[in-house]
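Geometric and topological summary
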Amino acid sequence: MCAAERPGRAGYFPVDPEAAVDGNRAYWSGHAREYLAEFGEFLGPAEFRWCPEGLLESEARLLGDLDSLRGQRLLEIGAGAAQCARWLTARGVDVVATDLAPGMVETARELNAGTGVVVPVQVADARSQPFAASSFDQVFTAFGAIPFVADAREVHREVARVLRPGGHWTFATTHPIRWAFPDDPTSLTADRSYFDRTPYAESSAGGTYAEFHRTIGDHVRDLTESGFRIVELVEPEWQPGNTHVWGGWGPVRGEYLPGTLIIRSQLTG
């Protein structure tokens, strides 16, 4: 989980879902440059890393091989500074990106200018995308959207709307088991129930930042109820040589426990 600066209250407590969306928008806008300063080197301006474990799309090919992707249209939601979409664009793939936070979209446009790899990017809530129905062959996100909404089905149903029949939806999110452990990358002692779905939240003058927990069963149910079938569940192992620490993610705990869950799914019907 992420720590905002000097929150008035931080911990596990109920939050209003829409207030959390507003708070998350404000948080990620206000911390966009700070976030890139801390993690930008690891992420790269035009690299596709799925997770803190370091898994690269160039190696995992969760979206498919590049030859097939060049004949498709893709959407990245919760894109942050659109590094993943930029990696695809540089390889000739037709991809657009959206993010909830205006500050993140601004940093994406700056990276567009700095790299010369221009990704169309705009501000949009993952639950309401500015695209016509059946516009894309694939939708994906690397830690965007899903952890930050109270009801993931709202995102899944919007993804289903913009996908073409048979299209794929691939997302990386916090591994559910990660919620049972403290935000200490060296701790191997669970301190919360895996089944406690109380969100983690930080309230401050800028609003309420929140992250929401769901079990693996919740993820499966949310997807199937939204018209998807699960193709693959991926639990990335900590990559050799990765010494990067990212909040509660790090090589010590990463050797023993998964920190990320990636779900590949396909729209049925």
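Residues numbered from 1 in each chain as written. Predicted model: local features only at pLDDT ≥ 70, side-chain atom pairs only at ≥ 80, totals over all residues. Heavy atoms only, no water.

**A look at empty space enclosed by the protein**
Sizing a probe to match a water molecule and rolling it over the atoms shows the empty space that remains. Spelled out, the test is: Grid spacing is 1 Å over the protein atoms alone, the probe is 1.4 Å, and a cavity is where that probe fits but cannot get out, while a pocket is an open set with protein on both sides within 12 Å along at least five of seven lines and lining residues have an atom within 4 Å of a point. Grid points are joined across faces, edges and corners, and a volume is the space filled by probe spheres set on the points. Under this grouping Gly is polar, as are all residues other than the nonpolar Ala, Val, Leu, Ile, Met, Phe, Trp, Tyr, Cys and Pro and the charged Asp, Glu, Lys and Arg.
Enumeration over the complete set of coordinates arrives at 2 cavities of 30 Å³ or more. Computed from the structure, the largest cavity encloses a volume of approximately 90 Å³. Lining the largest cavity are 13 residues, and of these Arg178, Arg253, Leu257, Pro258 and Gly259 sit closest to its centre. Class assignment for the residues of the lining of the largest cavity results in 6 nonpolar, 4 polar and 3 charged.

**Some words on helix H7 (residues 152-162)**
Which entries qualify depends on this criterion: The rule is simple: take the accessible area with a 1.4 Å probe, protein chains only, and divide by the maximum for that residue type; under 20% is buried, over 50% is exposed, in between is partly exposed. Every helix listed is a DSSP run of H or I at least four residues long, and every strand listed is a run of E at least two residues long, numbered separately from the N terminus. It only takes one pair of heavy atoms within 4.5 Å for two residues to be counted as in contact.
When we look at burial in H7, the residues that qualify are Ala152, Val155, His156, Glu158, Val159, Ala160 and Val162. Contacts made by the buried residues of H7 are with strand E2 (73-76), strand E5 (136-142), strand E6 (163-174), helix H8 (216-225), strand E9 (228-234) and strand E10 (260-267).

**A closer look at H8**
Basically, it comes down to this: When we speak of the arc, we mean the arc of directions from the helix axis to the C-beta atoms.
Along H8, the positions that sit buried rather than exposed are Asp218, His219, Asp222 and Leu223. All buried residues of H8 fall inside an arc of 125 degrees around its axis, so they share one side. Looking at the packing, one finds that the buried side of H8 touches H7, E6, E9 and E10. Just past H8, the residue Gly227 takes up positive phi, approximately 100 degrees.

**Remarks on the packing of aromatic side chains**
Selection rule: For Phe, Tyr and Trp, rings pair up if their centres lie within 6.5 Å, where Trp contributes its six-membered ring, and each pair is then called stacked (planes under 30 degrees apart), edge-to-face (over 60) or tilted (otherwise). Criterion for a charge above a ring: Lys NZ or Arg CZ within 6 Å of the ring centre, and within 35 degrees of the ring normal.
Going through the model one piece at a time under the given rule, you end up with 20 aromatic pairs. Judged by centre distance (5.4 Å) and plane angle (90 degrees), the rings of Trp28 and Tyr35 are edge-to-face. Summarising the burial analysis for this pair, Trp28 and Tyr35 share the class buried. Centre to centre, the rings of Phe48 and Trp87 are 6.1 Å apart; their planes meet at 85 degrees, and the pair counts as edge-to-face. Of this pair, Phe48 sits in the loop between helix H2 (32-43) and helix H3 (57-60) while Trp87 is found in helix H5 (residues 83-90), placing the two residues 39 residues apart along the sequence. You'll find Phe48 and Trp87 in the same group, each marked buried. Site record: aromatic cluster; members linked through ring pairs are Tyr27, Trp28, Tyr35, Phe39, Phe42, Phe148, Tyr209 and Trp246. Its guanidinium or amino end placed over the ring of Phe13, Arg9 lies 3.7 Å from that ring's centre, counting from NZ or CZ. A cation over an aromatic ring shows up here: Arg178 above the ring of Trp249, its NZ or CZ 4.5 Å from the ring centre.

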